[in-house]
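Summary of structural features
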Amino acid sequence: DAGVTQSPTHLIKTRGQQVTLRCSPKSGHDTVSWYQQALGQGPQFIFQYYEEEERQRGNFPDRFSGHQFPNYSSELNVNALLLGDSALYLCASSLEPGRTANIQYFGAGTRLSVL
Amino acid sequence: AQKVTQAQTEISVVEKEDVTLDCVYETRDTTYYLFWYKQPPSGELVFLIRRNSFDEQNEISGRYSWNFQKSTSSFNFTITASQVVDSAVYFCALTGMDSNYQLIWGAGTKLIIKP
């Protein structure tokens, strides 16, 4: 049973560039959430996708956008990269979001460095 | 608003010692859920436990135990007979209707187990 997989593992970009990160959810899961984790801090919620729509969004600018495909995999896109975007980007999958707290399972993350 | 406080930034103990990681939370919800995750150096957040607010029974899983006390809004995590492999950053998280069922994370406690 494959867990959550993310690619690439590491990425180096320069300011102003654009980046796309990818995530495949755990088998049987249909909901994908993205988090940004700066060094020494807890994860910060970016957004959540379910049924190919953005269901919830955290306090992140429009430079951060995403997509979910029919097979439930997801992409995170960041435009006009800033130095402050350097972080570990984590993808988590879970079952349908609802009125309860489904367990989120995380991938190993993509380490993005912006120079 | 919901909030999670992990006051211990870093804890260092010698192998085989017992260690307790503290977690204090704030919420207006009457129904809420608490989580603990482990983040080893590889970066992947590993789910450890989920507890809902109506279940105040302490839980034990091998060397791990959790003490949920609603009266003090705490959900502490104890590792008995610690091992070097327990070295990681441990996060406590909270969710409920007040956060639209998104996880609110503490800042994490870095646990170092010395051989």
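What this report covers is the structure whose coordinates are included nearby. Everything numeric in this text was worked out from a predicted model, so none of it was measured.

**Concerning the nonpolar core**
Grouped together as the largest cluster of nonpolar side chains are 23 residues, with contacts concentrated most on Trp36, Phe77 and Tyr90 of chain B. Sorting the residues of this core by element identifies β2 (10–14), β3 (19–21), β5 (32–39), β8 (64–69), β9 (74–79), β10 (88–96) and β12 (109–114) of chain B as the ones contributing at least two each. The element best represented in this core is β10 of chain B, accounting for four residues. If we skip the residues at most four places from it in the chain, Phe77 of chain B touches Val19, Thr20, Leu21, Trp36, Leu48, Tyr64, Ser65, Trp66 and Tyr90 of chain B. Listed in part, the 20 residues of the second largest apolar core include Val19, Val32, Tyr49 and Ala87 of chain A.

**Overview of the packing of aromatic side chains**
For the structure on display, the rule yields 21 aromatic pairs over all chains. Aromatic pair Tyr25 of chain B and Tyr32 of chain B: ring centres 5.2 Å apart, planes at 50°, arrangement tilted. Ring geometry for Phe68 of chain B against Phe75 of chain B: centres 5.8 Å apart, planes inclined by 80°, an arrangement best described as edge-to-face. Judged by its relative accessible area of 3%, Phe68 of chain B is buried. Following the ring pairs from residue to residue traces out a cluster consisting of Tyr35, Phe45, Tyr105 and Phe106 of chain A together with Phe35, Tyr37, Phe47, Phe91 and Trp105 of chain B.

Calculation rules
- Residues numbered from 1 in each chain as written.
- Chains lettered and ligands numbered in written order.
- Predicted model: local features only at pLDDT ≥ 70, side-chain atom pairs only at ≥ 80, totals over all residues.
- Heavy atoms only, no water.
- Core = buried A, V, L, I, M, F, W, Y, C linked by side-chain atoms within 4.5 Å.
- Buried < 20%, exposed > 50% of the residue type's maximum accessible area, 1.4 Å probe, protein only.
- Helix = DSSP H or I, 4+ residues; strand = E, 2+ residues; numbered from the N terminus.
- Contact = heavy atoms within 4.5 Å.
- Phe/Tyr/Trp six-rings, centres within 6.5 Å; stacked < 30°, edge-to-face > 60°.

Remember, this is a structural readout, not a statement about activity or role.
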